[in-house]
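Observations on the three-dimensional arrangement
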Amino acid sequence: MNTVYIGLGANLNDPTAQLHRAVDALNTLANSQLNAVSKFYASKPMGPQDQPDYVNAVARLETSLAPEALLDALQKIELEQGRQRKDERWGARTLDLDILLFANEIINTPRLVVPHYGLCQREFVVYPLLELEPELTLPDGRTLQSISKDVALNNLIPLN
Ligand code: ROI
């Protein structure tokens, strides 16, 4: 089994309900055990500002799925929750599930880059992850603590 962290985000169609549904779906994922979910956080949109605020969270999963099999499963959940893949980059979405970390692996394939490229810049990823894993060290040896010092909270607000 590998420990995996997944970023959850939504800003359309009742984002909090979308995240609850996604947590339910992660709970029933094959060959996997969901064992922690951060608080839900309200966050300001990164990218185009003419879209609603987001709700974000991070989940921790133990899984025996291979990385791309996990990606397939997450994309299936996104589609089941009405995600429409558009050409527009950084637009509003009903649900986004990102593999942030997969064990201590560094993955670079056409479909999957892990650690997730936004992991070290995005307050809505760094702080929920820090809530779950205050002692986390990334595959490159940096600590999440040290990374968080350079990431402004930017109005990130815990909702629960
Ligand atoms: N902004 C916030 N606050 N949260 C997200 O999950 C998020 N996801 C995205 C973009 C459009 C980059 N902005 C976001 O994909």
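What counts as what
Residues numbered from 1 in each chain as written. Predicted model: local features only at pLDDT ≥ 70, side-chain atom pairs only at ≥ 80, totals over all residues. Heavy atoms only, no water. UniProt positions renumbered as here; feature names shortened; annotations may be inferred. Helix = DSSP H or I, 4+ residues; strand = E, 2+ residues; numbered from the N terminus. Buried < 20%, exposed > 50% of the residue type's maximum accessible area, 1.4 Å probe, protein only. Polar contact = N/O pair within 3.5 Å; in protein donor to acceptor, adjacent residues only side chain to side chain. Contact = heavy atoms within 4.5 Å. Pairing = 2+ DSSP bridges.

1. Remarks on the UniProt feature "domain: 7,8-dihydro-6-hydroxymethylpterin-pyrophosphokinase" (unreviewed entry) in the protein
Within the UniProt annotation, "domain: 7,8-dihydro-6-hydroxymethylpterin-pyrophosphokinase" (unreviewed entry) is assigned to residues 89-100. Across residues 89-100 one finds 0% helix and 42% strand; the C-alpha atoms that close the span lie 19 Å apart.

2. Considerations on the side chain of Thr94
Considering the arrangement of structural elements, one finds Thr94 in the loop between helix 2 (67-80) and strand 5 (96-102). Using a relative accessible area of 7% as the deciding quantity, one classes Thr94 as buried. Here Gln81 takes part through its backbone oxygen, which lies 3.0 Å from a polar atom of the side chain of Thr94. Sequence-distant contacts of Thr94, that is, excluding residues within four places in its chain, are made with Gly9, Ala10, Leu12, Asn13, Gln18, Gln81, Gly82 and Arg83.

3. Points about the pairing of strand 5
Along any regular strand, the residues point their side chains to alternate faces of the sheet. Burial runs high along strand 5: seven of the seven residues are buried. Two strands pair when backbone bridges link them, and strand 1 (residues 2-10) and strand 5 are joined in this way by six bridges, in the antiparallel orientation. By the bridge assignment for strand 5, Val4 is matched with Phe102.

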